[in-house]
Amino acid sequence: MKIFIKTYGCQMNERDSEALGAMLSQQGHQLTASEAEADVMLFNTCSVRDAAERKAKGKIGFMRKYKKAKPQLIIGVLGCMAQRLGDELLAELPNLDFVLGTGQIHRVPEVINKIAQERKKIADTEFFPDEIEMLGAHGESSWSGQIAITRGCNRFCSYCIVPYVRGREVSRSKESILTEAREMVASGVREILLLGQNVAAYGLNGDIRPPADDHSPFAELLEELNEIPGLLRIRYTSPYVSYFNRRLIDALASCSKVCHNIHLPLQSGSDTILKAMNRQYTAASYLEKVAQLRDAMPDLTFSTDVIVGFPGETEEDFRKTRDLMNQVGFEQAFVFKYSPRPGAKSAEIADTVSEEIKLERNNILLDDLKLRIGAKLKQQTGSVVEVLTEGVSARNASRWTGRTATSFVVHFEPDEACRPGTLRRVEITRAGEVSLFGRLLPEDK
Ligand code: SAH
Ligand code: SF4
Ligand code: F3S
């Protein structure tokens, strides 16, 4: 059958869709990017904000026209919204054939066959704790690849739906991760991105208490990955600030392939709001960690996630967030307007900040960010950086794109030796609004 997969949400969902697509191809199905040609349509959905759910529902509803033209078309919803709403979705979206939750992705091939034969609707949201071990397949190899090392989340930040829709936190065995990584590198992958909702808590058996200063299974994993010949870079997302203990910071500094860029979600700069969010750090302890990390790696860059308009957020709370963001000097930030999620703890308290104020605060932070990024990029002009080449630039076909280990995007004119997934040096000649431009230096012989 021809199968169309559309993915919403975070990299975890992207990775699940990739593994699912690879499983389906191995079983003789064909993946298609064309909605009109599809015999099966799969929507891997996100529940993190209301807008994410509305977007997916709108799209699925719109698929009615294909179902009319081709009644045997099978439409399935997977992922976090499927987990949250289960069979309610079958009632809400009559053109749906099945709903499978986040613990059931591996069952998609079997369920498609069953529906093709029996034409009965199916909804199942039971969790399979070892789901993560069943989703190891990879699609067509490229210079970069992703590995999910943990699944689920035990932290229960009060605003967040993820622990409910992704289930309890489990870590994969180190051996299976290393085997997967070695196979990826053998097939041409040069950069690996490690994924988890709480990635630095890898190997702690779901215990959310940060371990003693000399213990970090995540650090041990990075050290072993760092030894894989042929692998050039290792990235990871998202870590929680409290797990950066001495052991981990030392490992980050000593592993030459681990990139000097950390996505370190802040959420708020006000201790009152952090407490209400059930984030177990303060503005001061966050800053202290950033200082320790920078001390060990002076070129380290940071990106973050921030929520504006959490219930009860005052002007003063917001000002603290703004100040802290400027103080850390994030090189990148994702700002979200608070969205109450039914089932998450904070949904029980009133959503007190108006949409208008949320938008205003959102825009203030984005304006600050723009200024800051502009200045950070300008500082890079004249320097020589090392980039991992990615391929032809999406914006301008005469240029190539690469990324520094600190996550700056660099555009340059390629030479004959240019291949995706190699380390090259570029002299930065000018700064754009969000990226850098430079001159490729000859390959080292
Ligand atoms: N596990 C990741 C976050 C996953 S969700 C982590 O803890 O780092 C990605 C981001 O969405 C969060 O960092 C948060 O900023 C935002 N987010 C989560 N729930 C939200 C909500 N209810 N409203 C608005 N933004 C939310
Ligand atoms: Fe959500 Fe918090 Fe878990 Fe991140 S750590 S997924 S924000 S509950
Ligand atoms: Fe969304 Fe689920 Fe990821 S809720 S952000 S797709 S874990």
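Residues numbered from 1 in each chain as written. Chains lettered and ligands numbered in written order. Predicted model: local features only at pLDDT ≥ 70, side-chain atom pairs only at ≥ 80, totals over all residues. Heavy atoms only, no water.

Q: Honestly, the overall build of the protein chain in this entry has me stumped. Any pointers?
A: A count of helical and extended segments in the protein chain gives 14 helices and 19 strands. The C-alpha atoms of the protein chain give a radius of gyration of 23 Å, which matches the 22 Å a tight globule of 445 residues would have. Dimensions of the protein chain, computed from the C-alpha atoms along their principal axes, are close to 65 × 55 × 45 Å. Counting every position in the protein chain, which comprises 445 residues, the buried fraction comes to 55%. For the protein chain, contacts bridging at least 24 residues in sequence account for 71% of all contacts bridging at least 6. Summed over all atoms, the accessible surface of the protein chain reaches about 19,400 Å², with 51% contributed by carbon and sulfur. Mean positive and mean negative side-chain charge positions of the protein chain (58 and 60 charges, respectively) differ by 4 Å. (Helix = DSSP H or I, 4+ residues; strand = E, 2+ residues; numbered from the N terminus. Rg over C-alpha atoms; globule rule 2.2 N^0.38 Å. Buried < 20%, exposed > 50% of the residue type's maximum accessible area, 1.4 Å probe, protein only. Contact = heavy atoms within 4.5 Å. Areas by Shrake-Rupley, 256 points an atom, 1.4 Å probe, with all protein chains shown as cover. Lys, Arg positive; Asp, Glu negative; His and termini not counted. Charge placed at Lys NZ, Arg CZ, Asp CG, Glu CD.)

Q: Could you clarify how one ought to interpret the site of ligand 3 in this entry?
A: In the vicinity of ligand 3, the residues found are Gly9, Cys10, Asn13, Cys46, Ser47, Val48, Cys80, Arg166 and Gln197. The residue inventory of the shell around ligand 3, partitioned by class, reads four nonpolar, four polar and one charged. (Near = heavy atom within 4 Å. Nonpolar A, V, L, I, M, F, W, Y, C, P; charged D, E, K, R; others polar.)

Q: How should the environment of aspartate 214 be read in this particular structure?
A: Take aspartate 214: it is sitting in the loop between strand 10 (191-195) and helix 9 (217-226). With 117 residues separating them along the chain, aspartate 214 and glutamate 331 place their C-alpha atoms 30 Å apart.

Q: Can you walk me through the pairing of strand 17 (residues 409-412) in this structure?
A: Taken residue by residue, a regular strand's side chains alternate between the two faces of the sheet. As paired elements, strand 16 (residues 400-404) and strand 17 share four bridges and run antiparallel to each other. In the strand pairing of strand 17, glycine 402 is matched with valine 410. Linkage of strand 16 to strand 17, two consecutive antiparallel strands, is achieved through a turn of four residues, within which serine 407 is found at a positive phi near 80 degrees. Across three bridges, strand 17 lies against strand 19 (residues 436-440) in parallel orientation. In the sheet register, valine 410 faces strand 19, and the bridge partner there is leucine 436. (Pairing = 2+ DSSP bridges.)

Q: Looking at this model, I keep getting lost on helix 13 (residues 315-328). Mind explaining?
A: Note on helix geometry: an α-helix contains 3.6 residues per turn, so any two residues three or four positions apart are oriented the same way. For helix 13, spanning 14 residues, the distance from its first C-alpha to its last is 20 Å, which sits close to the expected 20 Å at 1.5 Å a residue. Buried positions along helix 13 lie against helix 11 (271-276), helix 12 (283-296), strand 13 (301-308), strand 14 (332-337) and helix 14 (355-380). Just past helix 13, the residue glycine 329 takes up positive phi, approximately 70 degrees. (Expected span 1.5 Å × (residues − 1).)

Q: Mind showing me how you'd approach the sheet that holds strand 12 (residues 261-263) here?
A: Consider a sheet: its strands pair through backbone hydrogen bonds, and that pairing is either parallel or antiparallel. A sheet is described by the order of its strands in space; here three strands give the open sequence 12-13-14, paired in parallel fashion. Of all the strands in the sheet, the pair left with one neighbour each is strand 12 and strand 14. Averaged over all pairs of adjacent strands, the angle between strand axes in this sheet comes to 10 degrees, irrespective of strand direction. (Axes fitted to C-alpha atoms, helices over the stretch in contact; angles between N-to-C directions.)

Q: Quick question: what am I supposed to make of the pattern of salt bridges here?
A: A side chain of one charge can pair with a side chain of the opposite charge when the charged atoms of the two come close. Using the criterion set out here, one finds 36 salt bridges in the structure. Close ionic contact of lysine 59 with glutamate 35 constitutes a salt bridge, the shortest N to O distance being 2.7 Å. Of this pair, lysine 59 sits in helix 2 (residues 50-62) while glutamate 35 sits in the loop between strand 2 (30-31) and strand 3 (40-45), and the two are 24 residues apart along the sequence. In this structure lysine 59 comes out as partly exposed when scored by relative accessible area, which is 23%. (Salt bridge = Lys/Arg side-chain N within 4 Å of Asp/Glu carboxyl O.)

Q: Looking at this model, I keep getting lost on the packing of aromatic side chains. Mind explaining?
A: In this structure the tally under the stated criterion is eight aromatic pairs. On the numbers, 5.8 Å between centres and 45 degrees between planes, the contact of tyrosine 281 with tyrosine 286 is tilted. Each member of the pair tyrosine 281 and tyrosine 286 is classed as buried. Each residue in the set Tyr240, Tyr243, Tyr281, Tyr286 and Phe330 is aromatic and connected to the rest through ring pairs, giving one cluster. The aromatic ring of tyrosine 8 is capped on one face by lysine 6, whose charged end is 5.2 Å from the ring centroid. When the ring centre of phenylalanine 437 is taken as reference, the NZ or CZ atom of arginine 430 above it lies at 4.0 Å. (Phe/Tyr/Trp six-rings, centres within 6.5 Å; stacked < 30°, edge-to-face > 60°. Lys NZ or Arg CZ within 6 Å of the ring centre and 35° of its normal.)

Q: Hey, could you run me through the nonpolar core in this one?
A: Grouped burial of nonpolar side chains is what soluble globular proteins tend to show. Core analysis: the largest hydrophobic core is formed by 70 residues, its most contacted members being Leu194, Phe218 and Leu252. When sequence neighbours within four positions are dropped, the list of residues in contact with phenylalanine 218 reads Ile149, Leu194, Val199, Ala200, Tyr202, Tyr236 and Leu248. In terms of nonpolar packing, the next biggest core, distinct from the first, is built from 22 residues, Tyr8, Met63, Ala82 and Leu96 among them. (Core = buried A, V, L, I, M, F, W, Y, C linked by side-chain atoms within 4.5 Å.)

Q: Sorry, what's going on with the sheet that holds strand 1 (residues 2-7) here?
A: Taken together, six strands build an open sheet; the order of strands is 2-1-3-4-5-6 and the sheet is parallel. Each of the sheet's edge strands pairs with one partner strand only, and the pair in question is strand 2 and strand 6 (122-124). As paired elements, strand 4 (residues 74-78) and strand 5 (residues 98-100) share three bridges and run parallel to each other. When the bridges of strand 5 are listed, valine 77 appears paired with valine 99. Across the sheet, helix 1 (residues 11-26) lies against strand 1, strand 2, strand 3 and strand 4, angled at about 175 degrees from strand 1, the strand it touches most.

Q: Honestly, the packing of helix 12 against helix 13 in this entry has me stumped. Any pointers?
A: The geometry of a pair of packed helices is captured by two quantities: the angle between their axes and the separation between those axes. Direction vectors running N to C along helix 12 and helix 13 enclose 10 degrees, while the axes themselves pass 11 Å from each other. On the basis of the axis angle, helix 12 is roughly parallel to helix 13. Here Ala283, Tyr286, Leu287, Val290 and Arg294 of helix 12 come into contact with helix 13, specifically with Leu324, Gln327 and Val328. Grouping the amino acids of the contact of helix 12 with helix 13 by side-chain chemistry returns six nonpolar, one polar and one charged. (Parallel < 35°, antiparallel > 145°, perpendicular 65-115°, else oblique.)

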